[in-house]
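Descriptive analysis of the structure
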Amino acid sequence: MPESDSRPASNLPPLSLHIPEPRYRPGDTPDFGDIVVPEVGATPRPSEDSKPDAMRDMCYGLVRVLDFDGQAKGPWDPKIAPERLRAMLRYMMLVRAFDDRMFRAQRQGKTSFYMKCTGEEATSVASTMALDRSDMCFPSYRQQGILITRDYPLIQMMNQIYSNRGDHLLGRQLPIMYSAPEHGFFSVSGNLATQYPQAVGWAMASASKGDSRIATVWCGEGSSAEGDFHSALTFATVYNAPVIFNVVNNQWAISSFSGFAGGERTTFAARAVGYGIAGLRIDGNDPLAVYAATQWAADRARTNNGPTLIEHFTYRSEGHSTSDDPSAYRPSDEPTIWPFGDPIARLKQHLVTLGEWNEARHEAQRTELDDLVKTTQKQSEKLGILGHGMHQPFETMFQDVFEEMPWHLKEQCDQMLAEQEAKFGPNWKPE
Ligand SMILES: Cc1ncc(C[n+]2csc(CCOP(=O)(O)OP(=O)(O)O)c2C)c(N)n1
């Protein structure tokens with residue numbers, strides 16, 4: 001043994017590896033009593049040009065505006081007019097109605113796949129409402145609320161989910177991987193966190209062109225463990241990019257609890273500290289806190305004060321996707337005992353407390369939105385559902401791989417068309 005390695009190891013304790021384990025498994029009685037819930041109004045609101053190191057405490061606290069009695073309080077209260085609060089409630093309810101309907105469509109075999117965002121509606125709807133329409137959003141697959149808040153046609157979302165004749169992505173993408181750049185909604189990619197550095201690049205381009213638009217990007221807490229997350233934060237801090245990073249900490253990444261992404265030792269907002277980026281940790285089930293934090297970060301970015309990372313502390317109430325059964329890895333009552341409640345119920349209660357809403361209006365709106373979703377679904381289904389033909393001409397499969405089709409793709413396309421003709425005849429078209 002070389003001299004330098006000769007330290008006697010005999011009386012050192014054996015090393016051991018820590019394997020994170022969620023506290024509660026199916027059959028256990030979960031208890032979230034130890035989650036620190038600061039008083040509403042107790043968290044100060046620093047100015048939008050604060051230095052990131054003055055924001056340190058914000059990364060470990062929790063910005064809250066709505067208390068559990070439905071009152072808005074404190075320096076973060078964005079003081080939104082009732083009309084706009086009702087619009088926010090309507091969008092969140094529409095997202096939920098849409099999710100419920102599309103989930104059912106998958107169970108009926110009309111589409112291959114769907115993902116809901118139940119319980120997380122505020123993290124996309126309220127933040128989108130705090131942005132300008134021309135700001136660019138880089139979503140993960142769980143921010144359908146952005147499209148809905150920007151009044152994107154529901155039928156186009158459904159056509160994409162059904163990969164039908166009306167699908168403007170021509171059936172090339174997995175259901176829910178929407179793309180609507182003209183609505184400020186960047187194409188959803190299946191590869192987690194790739195949108196993070198892309199959003200920063202977009203924000204850098206905006207700044208380098210002297211534009212006034214900013215970028216916002218979302219990922220889950222699980223995805224924050226990807227290398228792209230690090231690249232994005234590094235580029236953003238180096239170039240002071242006008243970007244808002246949203247980490248939706250819904251506690252779960254499929255069956256992995258947040259501890260596997262580093263959540264046992266620190267908060268996700270605290271990742272901002274090491275990069276010299278402003279960090280905010282907020283109650284993600286409080287639509288007013290989401291709105292206020294986004295507005296703060298947008299003002300900061302727009303005035304060249306740099307990027308912000310917002311951790312939305314929330315809970316994924318349902319399965320990860322239609323392919324997931326959460327009862328296999330967590331207690332079934334966890335979503336209902338989550339201490340921050342439901343974002344829709346909380347905004348509803350706030351409006352009722354203000355005297356701007358009531359039970360009858362709520363029920364009427366729910367019925368109206370269910371009907372809207374149902375009617376739109378019928379229209380979309382006329383353009384095709386799963387298993388009822390291919391709906392898109394086969395040759396579209398070869399288009400847009402490159403801007404211009406190279407010779408070898410043309411050759412493959414011609415070969416396919418010749419086989420199609422031999423099999424189905426010259427006038428055949430997909431249903
Ligand atoms: C690079 C990459 N790794 C793994 C996957 C498989 N995958 C899809 S979703 C997911 C969990 C992501 O969890 P989180 O980021 O917390 O977001 P959530 O689904 O909770 O919204 C995983 C591992 C993937 N799509 N891409």
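This section reports on the structure supplied with the text.

How each quantity is defined
Residues numbered from 1 in each chain as written. Predicted model: local features only at pLDDT ≥ 70, side-chain atom pairs only at ≥ 80, totals over all residues. Heavy atoms only, no water. Pairing = 2+ DSSP bridges. Helix = DSSP H or I, 4+ residues; strand = E, 2+ residues; numbered from the N terminus. Axes fitted to C-alpha atoms, helices over the stretch in contact; angles between N-to-C directions. Contact = heavy atoms within 4.5 Å. Buried < 20%, exposed > 50% of the residue type's maximum accessible area, 1.4 Å probe, protein only. Near = heavy atom within 4 Å. Polar contact = N/O pair within 3.5 Å; in protein donor to acceptor, adjacent residues only side chain to side chain. Areas by Shrake-Rupley, 256 points an atom, 1.4 Å probe, with all protein chains shown as cover.

A closer look at the sheet that holds strand β2 (residues 215-220)
The strands making up a sheet are joined through hydrogen bonds of the backbone, oriented either antiparallel or parallel. Here five strands make up an open sheet; going across it, the order is β1-β2-β3-β7-β6 and the pairing parallel. Each edge of the sheet is formed by a strand with only one pairing partner; in this case those strands are β1 (136-138) and β6 (278-283). For this sheet the average axis-to-axis angle between neighbouring strands, irrespective of direction, equals 20 degrees. Across six bridges, the pairing between β6 and strand β7 (residues 308-313) is parallel. Across the sheet, the residue bridging to isoleucine 282 is histidine 312, located in β7. Where helix α6 (residues 227-239) meets the sheet, its contacts fall on β2, β3 (243-249) and β7, and the angle it forms with β3 comes to roughly 150 degrees. Of the strands in this sheet, β3, β6 and β7 touch helix α8 (residues 287-302), which is tilted by about 165 degrees from β6.

Details of the environment of glycine 284
One can find glycine 284 in the loop between β6 and α8. Taking the relative accessible area as the measure of exposure, glycine 284 reaches 0% and is therefore buried. The sequence separation of glycine 284 and asparagine 249 amounts to 35 residues, and the corresponding C-alpha distance is 8.4 Å. When sequence neighbours within four positions are dropped, the list of residues in contact with glycine 284 reads Ala122, Thr123, Val290, His312, Phe313 and Thr314.

Side note on the site of the ligand
Every one of the 15 residues lining the ligand counts as a neighbour, but Tyr141, Arg142, Gly190, Ser223 and Trp252 are closest to it. Taking glycine 190, its main chain carries an N or O atom lying 2.7 Å from a nitrogen atom of the ligand. Relative to its free-state accessible area of 590 Å², the ligand is covered by the protein chains to the extent of 72%.

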